[in-house]
Number of protein chains: 4
Amino acid sequence: MPVTAPLSGIVPPVCTPLDSAGEVDTASLSRLVEHLLGGGVHGLFTLGSTSEVAYLTDRQRGTALKTVVETVGGRVPVLAGVIDTTTHRVLDHAREAEKLGADGLVATAPFYTRTHLRETAGHFRRVRDRVDLPLFAYDLPVSVHSKLSPALVRELAADGTLAGLKDSSGDEGSLRRLLVELGGREGRATGCAPGFSVLTGSELTVDAALLAGADGVVPGLGNVDPAGYVRLWEAARSGDWLLAAKEQERLTSLFALVEAGPEADMGRSSSALGAFKAALRLLGVIECGDTAFPQIPLDATAIAEVGARLRDAGLTTVR
Amino acid sequence: MPVTAPLSGIVPPVCTPLDSAGEVDTASLSRLVEHLLGGGVHGLFTLGSTSEVAYLTDRQRGTALKTVVETVGGRVPVLAGVIDTTTHRVLDHAREAEKLGADGLVATAPFYTRTHLRETAGHFRRVRDRVDLPLFAYDLPVSVHSKLSPALVRELAADGTLAGLKDSSGDEGSLRRLLVELGGREGRATGCAPGFSVLTGSELTVDAALLAGADGVVPGLGNVDPAGYVRLWEAARSGDWLLAAKEQERLTSLFALVEAGPEADMGRSSSALGAFKAALRLLGVIECGDTAFPQIPLDATAIAEVGARLRDAGLTTVR
Amino acid sequence: MPVTAPLSGIVPPVCTPLDSAGEVDTASLSRLVEHLLGGGVHGLFTLGSTSEVAYLTDRQRGTALKTVVETVGGRVPVLAGVIDTTTHRVLDHAREAEKLGADGLVATAPFYTRTHLRETAGHFRRVRDRVDLPLFAYDLPVSVHSKLSPALVRELAADGTLAGLKDSSGDEGSLRRLLVELGGREGRATGCAPGFSVLTGSELTVDAALLAGADGVVPGLGNVDPAGYVRLWEAARSGDWLLAAKEQERLTSLFALVEAGPEADMGRSSSALGAFKAALRLLGVIECGDTAFPQIPLDATAIAEVGARLRDAGLTTVR
Amino acid sequence: MPVTAPLSGIVPPVCTPLDSAGEVDTASLSRLVEHLLGGGVHGLFTLGSTSEVAYLTDRQRGTALKTVVETVGGRVPVLAGVIDTTTHRVLDHAREAEKLGADGLVATAPFYTRTHLRETAGHFRRVRDRVDLPLFAYDLPVSVHSKLSPALVRELAADGTLAGLKDSSGDEGSLRRLLVELGGREGRATGCAPGFSVLTGSELTVDAALLAGADGVVPGLGNVDPAGYVRLWEAARSGDWLLAAKEQERLTSLFALVEAGPEADMGRSSSALGAFKAALRLLGVIECGDTAFPQIPLDATAIAEVGARLRDAGLTTVR
């Protein structure tokens, strides 16, 4: 389904279920897609950080994207991450994603390299120029170690390079500045980039982002509780901000599952991805909760804590 | 005026006007205090980063605090920053602040040193133990290069060490977690630390922080437009979140004055402090816009841009 | 040529010359290899950061490695970088490198992801286990944003996972600790990992690293002046440390060419890579000095400065 | 004793022994000074990071400096740290240090604030201008979170602002560039700043720094084994670089005592300072090994490990 302009609503980054051999479990992935669509989400983002894209080989990336596109069957737009170090490597992924039927692309600034802001601008322009799909910038300093400035995003929005931004920088002040510079809550539609979509990736401040005029959210936790995020979205759309805040509070409590893994023994990243997958397994959505090698897996205690968090949040576990 | 529990509302960090010799201009400082109280603010925070505390000698700190306390005359509570590298140096400032009539203290984690979280906990406990004034933690990673974890703040809130938090970390997700862990919008009053005050120092996301249940805000930009922040606060209190968001948008546009100074020629910090002071001078509140040595001053072009920003925001310049 | 244990001497990271269309210029690359071998170097490292590996597509990486291996024809060992985000992606490169005739592999810790030290250990062990070539760890925090601890390197040296380390961390204290823990200048051969090779990537402290007992160096600047680094190496081997220091001083002056590009207009990384290539072009070794997209190219002024630096260092330019 | 130009040799940063009440133990401090002078050191640096300056009140700083100056009695030059956030606070310390008889001052770049390089230049110039003592810049990014560039240091050396540099940045490549830009091993005396003293604070690469032409070293570990560093210095002066490297290796092994404290339970900084003091106590030099509050103390296991390290290095413990 073509990407609307601006893309809006709940667009979860789709986890990539793996089997015990570490290969993409396509049956589980299809069930996960149905779980998300059943929750009412408005789009899907596959092959992002939450999808463990950095751990998947090119072949596995293709399998995951193909499975998502085919399962969705045009019901919502499917964005595909094209995550690699620099422009020409990104373009190789972009051409593959186009071939497999992605509706839009999501690219970060270059990483591993140290890149000047003007080089990053050239990077996005070249990708947009060479592959004819809407392009979303993925602002993810925790992974790429540079931040997209509001000024650069506005420039690339105004000239049509970017269809939108997924802001996972955690810098809500910067996000607010961008939204105001694009025209603010009421002026966006008549501003310098009317179809530009601003999505936050910060799952704990979605009510705030929507109040500030963001178009939607890409919540990792949305894998676990898509319906919750959809309720939050609907409350905000209807102007019931206290209801939105209340739903956000419930989701914030639930989010604590990302710390189930003991900090001394594993990274925060492995703990979060492991917890999302453990939750999906406990909810009966996917078969196996393994994360990709070399991530350290959650132990039984941590998995039990994930289960407790799910039940506290009112979700029904089946294992 | 004693600090209420929880302290709430608009509590600007008070700029420290200097004369051309670099000494505290007490007449201008008194006028600034009246400007803030006239705008309807609910408390004042002196000797914080916006007060250029790190540039003031002990003698100058005393002069500034004395001037603020005397001018306020008990109309609102006055918090005093006790900013220094470690505990015993902080205590020297705390005893002086108590003597000069401060109603509460604001301390950061140790800096210059590399400090373990358990050491930081001991630091706050010792300060609270030795000087009998409400103690607020100032979470300011950009200056002290460590972040107070929500868990640590909660622990120090629950045991009565801290009366509140000024969160200038820019990490709104972390702030949300803290608020939820303290009981959330509705549960705070019956939670583990009912009188604990959560104040955000992020001036561009105040509507969001209030929607999330924060008690108030310490906005540097509040020096320039205190009435604007008070309007934002009142809108939020009355539940008119769209009005709050609209006021926040106006203030966000105004905030761009902090970038008036050219980035290649001066630090972002000098530019922001210089712009606040230039604005106060253009508004007729203070006599001289100089920042403390060795900060590079704004040039005429930058000052003209500050003036334009003020007028765009509907404020009346007199110079 | 099989990698000796320990690999020692001057092992430059080979630049990847590109033509004006951005493709690998195999003729220039062959000439560069001969330039390096003619200078007396003891090995080559291709597809590292200096080779712009992060900018090359998989196809281009293959072309570059194949060209180097064929040109070398077994005269010295050829190490191949297998640079990618995580283990299974690295393994895809490793299998290709083995097929193309590399004599050893060079891998970093995972990047883009946030990785626990135990995960990094698993990463290196899996790569070593699956592809039967000597494996060198590439410690490059500036790109991968984590540092390999001396303890981890020692563990992986002692158990045979690693054949060596390329230390580009710039942390000479840490390097010294590792060398001492491995037995020190005199005890290395009878220490816990006798064949383990410690190479520094810090081109300005090679005399120091050799005095400390390092086995060799992987100097980016060695592309420009391989004979200079070989002289430094020979002086150190003969115990003439003052002569080594003097040669290091000349190379340090020459190294200033990496700052030829204006800092405001381009990143330090593009400036350094652009300067190495401009130098190689001025020396008549390669045809075209372009760096890979989206790097900003050096302008004529910068190139002229590179030329002046070359001549100051006693090198003969032909353009 | 007036500072020679350039100041050279072994100049340890003097630990500040505390009694069990946390006050400066002047008797132990005097014994420590004699221990250092007895080891043959060429100068002393008091009130630096190793002296726990950031933990000492102004009164305690005065006591420590006075004790050192009086004990030394002009036998070697005494440098005094004047560590505070910005210029005018530093000047207050500088005037006090001058009064107490310091022979030179050591100041860092501003900290807590974010400071532009031109502001840092102004900072050093103002301090030098207002207090007539030789001024040494203390490059300590781990504490002040900015790095002094070689270009800035060279500028301030050439115009007479700085008498020297204590480089604790750990960036040996940058140090080498500075030394070469100042004229190199042989050209320093006829270069742009002939009396300028370059001292490294990196205690594990002293042989390397001396080979590169540094004038001396300020080794924290020199508190524990001053005679070892003096032997290293003498070996280097006599051109016996292998002997220097061998002594450096012994000191590097000894240095591992800084990790005696368990990493999960205390910061690396507390562990290092605690280990130096525990060692001095075990060697019979000081009475009590306590570090300043709020640092977590070493436990008995850690202290036992310190003792073992001392004996392994050939030092005689008396407790």
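Cut-offs used in this document
Residues numbered from 1 in each chain as written. Chains lettered and ligands numbered in written order. Predicted model: local features only at pLDDT ≥ 70, side-chain atom pairs only at ≥ 80, totals over all residues. Heavy atoms only, no water. Helix = DSSP H or I, 4+ residues; strand = E, 2+ residues; numbered from the N terminus. Rg over C-alpha atoms; globule rule 2.2 N^0.38 Å. Buried < 20%, exposed > 50% of the residue type's maximum accessible area, 1.4 Å probe, protein only. Contact = heavy atoms within 4.5 Å. Areas by Shrake-Rupley, 256 points an atom, 1.4 Å probe, with all protein chains shown as cover. Lys, Arg positive; Asp, Glu negative; His and termini not counted. Charge placed at Lys NZ, Arg CZ, Asp CG, Glu CD. Buried area = accessible area lost by both parts, 1.4 Å probe. Salt bridge = Lys/Arg side-chain N within 4 Å of Asp/Glu carboxyl O. Axes fitted to C-alpha atoms, helices over the stretch in contact; angles between N-to-C directions. Parallel < 35°, antiparallel > 145°, perpendicular 65-115°, else oblique. Nonpolar A, V, L, I, M, F, W, Y, C, P; charged D, E, K, R; others polar. Pairing = 2+ DSSP bridges. Least-squares fit on C-alpha atoms with pLDDT ≥ 70 in both. UniProt positions renumbered as here; feature names shortened; annotations may be inferred. Polar contact = N/O pair within 3.5 Å; in protein donor to acceptor, adjacent residues only side chain to side chain. Phe/Tyr/Trp six-rings, centres within 6.5 Å; stacked < 30°, edge-to-face > 60°. Lys NZ or Arg CZ within 6 Å of the ring centre and 35° of its normal.

Each helix and strand in chain A was counted, giving 13 helices and 8 strands. A compact globule built from 319 residues should have a C-alpha radius of gyration of about 20 Å, and chain A, at 18 Å, falls within 12% of that. Within chain A, buried positions represent 65% of all 319 residues. If you take every contact in chain A between residues at least 6 apart in sequence, the share linking residues at least 24 apart comes to 73%. Carbon together with sulfur atoms contributes 51% to the accessible area of chain A, which is approximately 10,200 Å² in total. Once the 31 positive and 39 negative side-chain charges of chain A are each reduced to a mean point, those two points are 3 Å apart.

Residues and elements named next belong to chain D. Within helix α7 (residues 172-181), 9 of the 10 residues are buried, which leaves the element mostly enclosed by the surrounding structure. Three or more residues of α7 are buried, namely Glu 172, Gly 173, Ser 174, Leu 175, Arg 176, Arg 177, Leu 178, Leu 179 and Val 180. Gly 183 sits one or two positions beyond α7 and adopts a positive phi of about 125 degrees.

Moving on to the interface of chain C and chain A. Size of an interface: often given as the accessible area lost when the parts come together. Listed per partner, the contact involves 43 residues of chain C and 43 residues of chain A. Between chain C and chain A the total buried area reaches about 3,700 Å² when both faces are included, carbon and sulfur atoms providing 58% of it. When the area that chain C buries against chain A is broken down by residue, the three leading residues are Arg89(C), Tyr112(C) and Phe293(C), summing to 24%. At the junction of chain C with chain A, the criterion picks out 4 salt bridges. Ionic pairing is found between Asp58(C) and Arg89(A), a salt bridge with its closest N-O pair at 2.9 Å.

What follows covers the packing of helix α11 (residues 241-255) of chain C against α7(D). What describes two packed helices is the angle between their axes and the distance between those same axes. Their axes nearest at 10 Å, the elements α11(C) and α7(D) cross at an angle of 95 degrees. Judged by the inter-axis angle, α11(C) sits roughly perpendicular to α7(D). On α7(D), the residues touching Ala245(C), Gln248(C), Glu249(C), Thr252(C) and Ser253(C) of α11(C) are Arg176(D), Arg177(D) and Val180(D). Counted by class, the contact of α11(C) with α7(D) contains 2 nonpolar, 3 polar and 3 charged residues.

Note that chain B does not reach chain C: the shortest distance linking a C-alpha of one to a C-alpha of the other is 8 Å. Across all C-alpha pairs, the smallest distance from chain A to chain D is 8 Å, and the two are not in contact.

Bringing the sheet that holds strand β7 (residues 197-200) of chain D into the picture now. All names here are of chain D. With respect to topology, 8 strands assemble into an open sheet ordered β1-β8-β7-β6-β5-β4-β3-β2, the strand pairing being parallel. Each edge of the open sheet is held by one strand with a lone partner, namely β1 (9-10) and β2 (44-46). Across 4 bridges, the pairing between strand β6 (residues 164-167) and β7 is parallel. Counted as the bridge partner of Asp 167 is Thr 200 from β7. Strands β6 and β7 of the sheet are contacted by α7, whose axis makes an angle of about 165 degrees with β7.

What follows deals with the relation of the copies chain B and chain D. Screw-axis analysis of chain B against chain D gives a translation of 0.0 Å along the axis, an RMSD of 0.0 Å, and a rotation angle of 180 degrees. Seen this way, the second copy is the image of the first under a two-fold rotation axis.

Using the criterion set out here, one finds 96 salt bridges over all chains in the structure. In this structure, the salt-bridge partner of Asp92(C) is Arg95(C), at a minimum N-O distance of 3.5 Å. Of this pair, Asp92(C) and Arg95(C) are both found in helix α3 (residues 87-99), 3 residues apart, which corresponds to roughly one turn of the helix. Owing to a relative accessible area of 36%, Arg95(C) belongs among the partly exposed residues under this scheme. Through salt bridges with shared partners, one network takes in Asp58(A), Asp84(A), Arg89(A), Asp58(C), Asp84(C) and Arg89(C).

Here, the residues flagged by UniProt with the feature "active site" (unreviewed entry) are Tyr138(A) and Lys166(A). These residues run over 29 residues, yet every pair of their C-alpha atoms falls within 4.8 Å of each other. Within the secondary structure, Tyr138(A) sits in strand β5 (residues 135-139). Assessed through its relative accessible area of 2%, Tyr138(A) is described here as buried. Residues within four places of Tyr138(A) in sequence aside, it is in contact with Phe45(A), Gly48(A), Ser49(A), Ile83(A), Val106(A), Ala107(A), Thr108(A), Ala109(A), Leu148(A), Lys166(A), Ser168(A) and Tyr112(C). Contacts of Lys166(A), omitting those with residues within four sequence positions, involve Phe45(A), Ala137(A), Tyr138(A), Asp139(A), Leu199(A), Gly201(A) and Val218(A).

A cis geometry characterises the amide bond from Phe293(B) onward to Pro294(B), with omega recorded as 5 degrees. By the secondary structure assignment, Pro294(B) is in the loop between α12 (268-282) and α13 (300-312). A positive phi angle, close to 60 degrees, is found at Glu52(C), a residue other than glycine. By the element assignment, Glu52(C) lies in the loop between β2 (44-46) and α2 (58-72).

To continue, consider the interface of chain B and chain D. Taken together, the contact pairs 43 residues of chain B with 43 residues of chain D. Of the roughly 3,700 Å² buried between chain B and chain D, counting both surfaces, carbon and sulfur atoms make up 57%. In terms of surface lost to chain D, no three residues of chain B exceed Arg89(B), Tyr112(B) and Phe293(B), which account for 24% of the buried area on that side. Taken together, the connections running from chain B to chain D amount to 4 salt bridges. Here chain B and chain D share 19 residue pairs in polar contact (both at pLDDT 80 or more) between them.

What follows is about the UniProt feature "binding site: pyruvate" (unreviewed entry) in chain A. Residues and elements named next belong to chain A. On the UniProt side, "binding site: pyruvate" (unreviewed entry) is annotated at positions that read Thr 50 and Val 218 here. Spanning 169 residues, the named residues nonetheless gather at one spot, since no C-alpha pair among them exceeds 10.1 Å. Relative to the assigned elements, Thr 50 resides in the loop between β2 (44-46) and α2 (58-72). The class of Thr 50 is buried, set by a relative accessible area of 13%. If we ignore the near neighbours within four places in the chain, the residues touching Thr 50 are Pro 13, Val 14, Cys 15, Gly 220, Asn 223, Leu 273 and Phe 276. As for its position among the elements, Val 218 is in the loop between β8 (216-217) and α10 (226-237). Not counting chain neighbours up to four residues away, the residues in contact with Val 218 comprise Val 11, Pro 12, Pro 13, Phe 45, Lys 166, Leu 199, Thr 200 and Gly 201.

In the structure shown here, the tally under the stated rule is 10 aromatic pairs over all chains. Residues Phe111(B) and Tyr112(D) carry aromatic rings whose centres are separated by 4.9 Å and whose planes lie at 45 degrees to one another, so their mutual orientation is tilted. In this pair, Phe111(B) is assigned in the loop between β4 (104-108) and α4 (117-130) and Tyr112(D) in the loop between β4 (104-108) and α4 (117-130), connecting two distinct chains. Of the two residues, Phe111(B) and Tyr112(D), neither departs from the other in class, the shared state being buried. Above the ring of Phe293(C), the side-chain terminus of Arg126(A) is found at 3.5 Å from the ring centroid.

The next thing to look at is the relation of the copies chain C and chain A. The two copies are related by a screw operation: chain C maps onto chain A through 180 degrees of rotation and 0.0 Å of translation along the axis, at an RMSD of 0.0 Å. Taken as a fraction of all interface residues of chain C, those also at the interface in chain A reach 100%, which identifies the copy contact as same-surface.

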